[in-house]
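The chain contents come next:
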Amino acid sequence: MIYTTEVQHMCPVAKGAYHGPAPIPEEGKWVQAKEISDISGFTHGIGWCAPQQGACKLTLNVKDGIIEEALVETIGCSGMTHSAAMASEILIGKTLLEALNTDLVCDAINTAMRELFLQIVYGRTQSAFSEGGLAVGASMEDLGKGLRSQIGTMFATREKGPRYLEMVEGYCSRMALNAEGEVIGYEFINLGKMMDFIKKGDDANVAIQKATGHYGQWDAAVKYIDPRQE
């Protein structure tokens, strides 16, 4: 280490008491984080790309500074899905600091990693007060039994009103309208369940029927419309 001449000619003054960093909540305990290996936590966060045309929801489960689990969900441009595939391989096994300084292929994923880093190192995690934290694999619970991201897709015009295209339950196949033309319910196809039925040997048409459900005042409607065609 090189000192300037001015510093070299200064007289030494003793340093006072060392209080250490303020403790942060981590998995049911308070931790004075001094090294990256002191950091543990499970959390979610959102990132966006530079032109703000796409977003990434990133979920990380960190144990002793190492990323043990990653869930990468993207919406936006078509290339983001391939970026997410690469990021899922890149992230696991890295320390938080390594991941923060690694190109995760997509701006939105990189931004999500930055935001999650801030949450985790400041102790603002989902598991901050959960003793022992969450088990590796916990992020899959967010996806439900169908293991699909929770997506909502709606389209609307002033002239023709709203069209429900995708809800958390699944693909919206029909909308239910009352006598005034107001939406009072919808029909959906749970694509995760449908694929499970098909994999078990059901005919595709049978699988669709078994995976179809309704929400709202479906039976009270006076008109049903296909949101993609009408």
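What you are looking at is a predicted structure, and each value in this text was computed from that prediction instead of being measured.

A. Fine view of the pattern of salt bridges. Counting across every chain of the model gives 8 salt bridges. With a closest N to O distance of 3.7 Å, K57 and D142 form a salt bridge. Highlighted residues: K57 in strand β4 (residues 55–63) and D142 in the loop between α4 (107–121) and β6 (153–157), separated in sequence by 85 residues. Using a relative accessible area of 30% as the deciding quantity, one classes D142 as partly exposed. Ionic pairing is found between R174 and E187, a salt bridge with its closest N-O pair at 2.9 Å. Remark: E187 occurs in strand β9 (residues 183–189) and R174 occurs in strand β8 (residues 170–177); sequence separation between them is 13 residues.

B. Structural detail: the packing of aromatic side chains. Applying the stated criterion across every chain, the model contains 5 aromatic pairs. Ring centres of Y164 and Y186 lie 5.9 Å apart, and the angle between their planes is 75°; this geometry places the pair in the edge-to-face category. Of the two residues, Y164 is situated in strand β7 (residues 161–167) and Y186 in strand β9; the sequence distance between them amounts to 22 residues. Among the residues examined, Y186 registers a relative accessible area of 6% and is labelled buried. Ring pairing ties together the aromatic residues Y164, Y186, F188 and Y215, which thus form one cluster. The positively charged end of R174 is found above the aromatic ring belonging to Y224, 5.4 Å away from the centroid. Lying over the aromatic face of F197, K210 brings its terminal NZ or CZ to 4.5 Å of the ring centre.

C. Examining unusual backbone geometry more closely. In the Ramachandran plot, Q52 falls in the positive-phi region, its phi being about 55° despite a non-glycine side chain. By the element assignment, Q52 lies in the loop between β3 (41–48) and β4. Under the relative-accessibility criterion, Q52 is labelled exposed at 64%.

Thresholds applied
- For every chain, the first residue of its written sequence is number 1, and the numbers climb from 1 along that sequence.
- Only residues with pLDDT of 70 or above have their local features reported here, since the model is predicted, and side-chain atom pairs are shown and tallied only from 80 upward, although totals for entire chains, interfaces and linings are computed over all residues.
- Computation of side-chain values covers all heavy atoms of the structure but excludes hydrogens and water.
- Definition used for salt bridges: Asp or Glu carboxyl oxygen within 4 Å of a side-chain nitrogen of Lys or Arg.
- Strands here mean DSSP runs of E at least two residues long; helices mean DSSP runs of H or I at least four residues long; both are numbered from the N terminus.
- For each residue, the accessible area found with a 1.4 Å probe, counting protein chains only, is set against the maximum for its type, and the residue is called buried under 20%, exposed over 50%, and partly exposed in between.
- Any two of the Phe, Tyr and Trp rings considered here, Trp counted by its six-membered ring, make a pair once their centres fall within 6.5 Å; the pair's planes then place it as stacked at under 30 degrees, edge-to-face at over 60, or tilted in between.
- Sitting over a ring, as applied to charges here, requires NZ of Lys or CZ of Arg to be within 6 Å of the ring centre and within 35 degrees of the ring normal.

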